[in-house]
2 protein chains.
Amino acid sequence: MRILEAALDLFETQGYEATTVNEIAAAAGITPMTFFRHFPTKDAVLVTDPYDPLIAEAVGAQPVDLPPLERTRLGLLAALGEISAGEDATARRRVAIVARSPALRAAAAIGTEATQEAIVDRLVADGADRLDAAIAASACLAATTAALLAWGAAHADVTLAGLVRRALAQLAPVRS
Amino acid sequence: MRILEAALDLFETQGYEATTVNEIAAAAGITPMTFFRHFPTKDAVLVTDPYDPLIAEAVGAQPVDLPPLERTRLGLLAALGEISAGEDATARRRVAIVARSPALRAAAAIGTEATQEAIVDRLVADGADRLDAAIAASACLAATTAALLAWGAAHADVTLAGLVRRALAQLAPVRS
DNA sequence: GCTTGAATGTTAGTCGCTAACATTCGTGGG
DNA sequence: CCCACGAATGTTAGCGACTAACATTCAAGC
């Protein structure tokens with residue numbers, strides 16, 4: 001946790017790419033080597049995705065006769081309640097930092113690929129075509145990610161759940 | 001072009017991360033330094049996006065009273081003709097390599113961010129809300145990217161335009 | 001008290017990438 | 001025809017992320 005605090009502080013003051021893991025290690029009172037024993041990469045301090053199984057399950061719980069995109073969309077909305085509970089203070093700090101760095105957004109994109117894969121596997125297990133499933137999952141996750149990044153840059157009174165609902169509403173089959 | 005050929009060959013035989021730019025340079029008969037004078041980064045050999053203005057213009061050409069997602073969707077479909085003309089032989093090789101490497105997919109994701117930004121700017125210029133525009137553009141581009149990656153892994157007789165049409169059809173406002 | 005295992009440190013190295021400077025070489029003007 | 005100029009290439013040195021092999025500390029359990 002000392003590492004995480006030190007890293008967050010440094011990232012916020014001088015930016016992500018401008019701070020080296022040597023600096024982080026020094027600020028945390030450890031060796032650079034020790035940093036990598038706790039985080040496999042520099043970006044792992046900010047990018048973590050513990051929600052994949054939860055989301056995949058929520059998608060699978062939607063009616064099977066719906067098209068993949070609609071199942072994914074409703075599944076994400078259903079999972080939203082439990083996920084946005086994890087909206088602690090540091091979560092927003094982390095998202096804000098990620099939103100500012102292309103390298104970090106790329107790392108996050110790789111992270112959401114895992115989520116996409118979980119969803120796709122679930123959809124395919126219920127008989128969906130793999131490409132159709134990938135299209136549906138990636139579109140929904142992209143919209144959600146856009147909302148997430150906007151949340152990181154938004155004022156404190158804006159809620160993540162609201163933005164995500166707005167994002168997924170745009171993908172609803174019949175729009176006003 | 002010697003560099004590009006050498007890189008493509010090495011990437012295909014031993015994989016992207018397993019081949020160093022030293023190897024590429026040696027295979028092309030040059031110095032590592034010279035490699036970076038022609039390509040700013042190692043991934044620049046594979047990831048290039050010259051279509052941004054074309055796409056943004058196509059999106060802008062769609063009826064202004066449609067919602068952002070629909071404008072983007074139709075714009076991408078309209079631009080598809082001219083883009084898939086660039087389906088030369090090496091394009092597919094490149095996409096296939098990108099599809100296999102997480103690091104390259106991440107680099108490509110950053111590339112499509114530029115496209116997304118171009119689309120968003122165009123939509124915002126026509127009065128759309130910035131977040132709504134970002135959601136629409138990222139969802140459409142994610143679906144398109146899914147199709148592109150599938151194309152890279154598909155048989156030779158599968159056409160890119162067909163896959164993209166299928167991808168964007170799933171985002172149509174009223175589905176069967 | 002001794003041992004075991006986990007956490008940490010040390011050293012050295014690879015790879016992507018950059019900067020400062022030297023070198024070759026083909027082309028056009030004197 | 002020669003020289004000067006600029007473009008492309010090479011050389012050296014270095015930074016930063018990351019890894020591997022090995023040594024060290026240190027706390028808990030037998």
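In case you missed it, the structure is sitting above this.
Focus: the interface of chain A and chain B
Consideration 1: In this complex, chain A contributes 32 residues to the contact, which on the side of chain B involves 32 residues.
Consideration 2: Regarding the contact of chain A and chain B, the summed buried area is about 2400 Å², with carbon and sulfur atoms giving 61% of it.
Consideration 3: Taken together, the connections running from chain A to chain B amount to six salt bridges.
Consideration 4: Of the charged contacts, one joins A:R166 and B:D129 as a salt bridge, the two residues approaching to 2.7 Å between their closest N and O atoms.
Consideration 5: Viewed at the interface, chain B and chain A are joined by ten residue pairs in polar contact (both at pLDDT 80 or more).
Consideration 6: Looking at the side of chain A that touches chain B, the elements with two or more residues in it are α5 (68-83), α7 (102-125), α8 (130-153) and α9 (160-169) of chain A.
Consideration 7: Across the side of chain A that touches chain B, the residue classes break down as 23 nonpolar, two polar and seven charged.

Remarks on the protein's contact with DNA strand C
Consideration 1: A:T31, A:T34, A:R37, A:H38 and B:K42 are the nearest of the 14 residues found near DNA strand C.
Consideration 2: Of everything in DNA strand C that lies within 4 Å of the protein, sugar and phosphate atoms constitute 55%.
Consideration 3: Between DNA strand C and A:H38, the relevant distance is 2.5 Å, taken from a phosphate oxygen to a side-chain nitrogen or oxygen of the residue.
Consideration 4: Sort the elements by how many residues they give to the surface near DNA strand C and helix α3 (residues 32-38) of chain A lands first, with four residues.
Consideration 5: Residues belonging to the surface near DNA strand C are distributed by class as follows: six nonpolar, six polar and two charged.

Some remarks on the protein's contact with DNA strand D
Consideration 1: Taken together, 14 residues form the shell around DNA strand D, and within it A:K42, B:T31, B:T34, B:R37 and B:H38 come nearest.
Consideration 2: Restricting attention to atoms of DNA strand D within 4 Å of the protein, one finds that 56% of them are sugar or phosphate atoms.
Consideration 3: A:V21 is positioned with one of its backbone polar atoms (N or O) 3.2 Å from a phosphate oxygen of DNA strand D.
Consideration 4: For DNA strand D, a phosphate oxygen lies 2.8 Å from a polar atom in the backbone of A:K42.
Consideration 5: For the surface near DNA strand D, the secondary structure elements donating two or more residues are α3 of chain A together with α3 (32-38) of chain B.
Consideration 6: The greatest single-element share of the surface near DNA strand D, amounting to four residues, is contributed by α3(B).
Consideration 7: Across the surface near DNA strand D, the residue classes break down as six nonpolar, six polar and two charged.

A closer look at the nonpolar core
Consideration 1: Within the largest apolar cluster, 64 residues are counted, with the highest numbers of intra-cluster contacts made by A:I55, A:I119, A:L171, B:I55, B:I119 and B:L171.
Consideration 2: The next biggest cluster of nonpolar side chains, apart from the first, holds 20 residues, and it includes B:F35, B:F39, B:V45 and B:V98.

Describing the relation of the copies chain A and chain B
Consideration 1: Least-squares fitting of chain A to chain B yields an RMSD of 0.1 Å, with the transformation described by 0.0 Å of translation along the axis and a rotation of 180°. The transformation relating the two chain copies, once decomposed into turn and shift, fits a two-fold axis. Across chain A, the smallest distance between a C-alpha and the rotation axis is recorded for A:A139, namely 2.1 Å.

A few points about α9(A)
Consideration 1: Looking only at α9(A), the buried set comprises A:L160, A:A161, A:L163, A:V164, A:A167 and A:L168. One side of α9(A) holds all its buried residues, which, seen down the axis, span an arc of 160°.
Consideration 2: Buried positions along α9(A) lie against α5 and α8 of chain A together with α8 (130-153) of chain B.
Consideration 3: Two or three places before A:A161, at the start of α9(A), stands the capping residue A:T159, its side-chain oxygen 3.2 Å from that residue's backbone nitrogen.

Each value, and the rule that gives it
Residues numbered from 1 in each chain as written. Chains lettered and ligands numbered in written order. Predicted model: local features only at pLDDT ≥ 70, side-chain atom pairs only at ≥ 80, totals over all residues. Heavy atoms only, no water. Contact = heavy atoms within 4.5 Å. Buried area = accessible area lost by both parts, 1.4 Å probe. Salt bridge = Lys/Arg side-chain N within 4 Å of Asp/Glu carboxyl O. Polar contact = N/O pair within 3.5 Å; in protein donor to acceptor, adjacent residues only side chain to side chain. Helix = DSSP H or I, 4+ residues; strand = E, 2+ residues; numbered from the N terminus. Nonpolar A, V, L, I, M, F, W, Y, C, P; charged D, E, K, R; others polar. Near = heavy atom within 4 Å. Core = buried A, V, L, I, M, F, W, Y, C linked by side-chain atoms within 4.5 Å. Buried < 20%, exposed > 50% of the residue type's maximum accessible area, 1.4 Å probe, protein only. Least-squares fit on C-alpha atoms with pLDDT ≥ 70 in both. Arc of directions from axis to C-beta.

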